[in-house]
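Given next are the chains, with one letter for each unit.
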Amino acid sequence: EIFAGGRFVVSWCHASCFLQYVAISYNTSGRGKCKVTESDFTKGQLRLGYPTGPESHGWVSLAGIPSFMPQVLAAAGNFDVESLKGFAELTPADKASVLEAMRCSSRKSKSNKKAL
């Protein structure tokens, strides 16, 4: 859901189109909450941003990625995590953390397909 025109509306897009606008970055302000875990962000914490409207983003912590991304990654097919906006600017340790969180998402999406 996104807030548009003074109300919340459901927004749909192709997974591959959605992933073009997903970015990974460090929290610069120390404000905000993860949309999945509802935990507060700390300044400098790594987070994944996704569009929720023309000029707004929702944020997900690394801990929330495995719950947030499985369906998107499954629908997108073969997605290169290193192509995420902001990935190149991360430290090597943070790159490894993001790759692991996304791998967990991929494994979760594959096990969900088997269950169906």
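Residues numbered from 1 in each chain as written. Predicted model: local features only at pLDDT ≥ 70, side-chain atom pairs only at ≥ 80, totals over all residues. Heavy atoms only, no water.

Colleague: What's the story with the sheet that holds strand E3 (residues 23–26) in this structure? I'm lost.
Modeller: Where strands meet in a sheet, backbone hydrogen bonds hold them as pairs that are either parallel or antiparallel. An order of E3-E4-E5 is seen for the three strands of this open sheet, with the pairing classed as antiparallel. The open sheet has two edge strands, E3 and strand E5 (56–61), and neither has a second partner. If you compare each strand with its neighbour and ignore which way they point, the axes differ by 40° on average. Of the strand pairs in this sheet, strand E4 (residues 46–53) and E5 are connected by six bridges, and their pairing is antiparallel. Each residue of the ladder has a partner; that of Gly 53, found in E5, is Ser 56. (Pairing = 2+ DSSP bridges. Helix = DSSP H or I, 4+ residues; strand = E, 2+ residues; numbered from the N terminus. Axes fitted to C-alpha atoms, helices over the stretch in contact; angles between N-to-C directions.)

Colleague: Whenever I open this one, unusual backbone geometry confuses me. Can you help?
Modeller: For residues besides glycine, phi is generally negative; the peptide bonds are generally trans as well. For Glu 38, which is not a glycine, the phi torsion comes out positive at approximately 60°. When you line up the elements, Glu 38 lands in the loop between E3 and E4. According to the relative accessible area criterion, Glu 38 is exposed, its value standing at 59%. (Buried < 20%, exposed > 50% of the residue type's maximum accessible area, 1.4 Å probe, protein only.)

Colleague: When you look at the pattern of salt bridges in this model, what are you seeing that I'm missing?
Modeller: If the charged atoms of two oppositely charged side chains come close together, the side chains can form a pair. For the structure on display, the rule yields one salt bridge. With its nearest N and O atoms 3.5 Å apart, the salt bridge here joins Arg 103 to Glu 100. Of the two residues, Arg 103 and Glu 100 are both situated in helix H4 (residues 92–115); the distance of three residues between them amounts to about one turn of the helix. In this structure Glu 100 comes out as partly exposed when scored by relative accessible area, which is 36%. (Salt bridge = Lys/Arg side-chain N within 4 Å of Asp/Glu carboxyl O.)

Colleague: Any chance you could explain the nonpolar core here in plain terms?
Modeller: In a soluble, globular protein the nonpolar side chains are often hidden away together inside. If you look at the biggest cluster of nonpolar residues, it comprises 22 residues, and the most contacted ones within it are Leu 48, Met 69, Leu 84, Val 98 and Met 102. When residues of this core are traced back to their parent elements, those giving at least two are helix H1 (15–20), E4, helix H3 (70–76) and H4. In contact with Val 98, other than residues within four places in its own chain, are Ile 24, Leu 46, Leu 62, Val 81, Leu 84, Phe 87 and Leu 90. (Core = buried A, V, L, I, M, F, W, Y, C linked by side-chain atoms within 4.5 Å. Contact = heavy atoms within 4.5 Å.)

Colleague: Could you clarify how one ought to interpret the packing of aromatic side chains in this entry?
Modeller: A full pass over the atoms with the stated rule returns two aromatic pairs. Each ring, one from Tyr 50 and one from Phe 68, has its centre 4.7 Å from the other, and the planes form 35°; the classification is tilted. One end of the pair, Tyr 50, is in strand E4; the other, Phe 68, is in helix H2 (residues 65–68), with 18 residues separating them in the sequence. With a relative accessible area of 12%, Tyr 50 lands in the buried category. The partly exposed category is assigned to Phe 68, whose relative accessible area is 23%. Aromatic ring contacts, followed pair by pair, group Phe 18, Tyr 50 and Phe 68 into a single cluster. For the cation-ring pair, Arg 47 lies above Trp 59, with the distance from its terminal atom to the ring centre recorded as 3.6 Å. (Phe/Tyr/Trp six-rings, centres within 6.5 Å; stacked < 30°, edge-to-face > 60°. Lys NZ or Arg CZ within 6 Å of the ring centre and 35° of its normal.)

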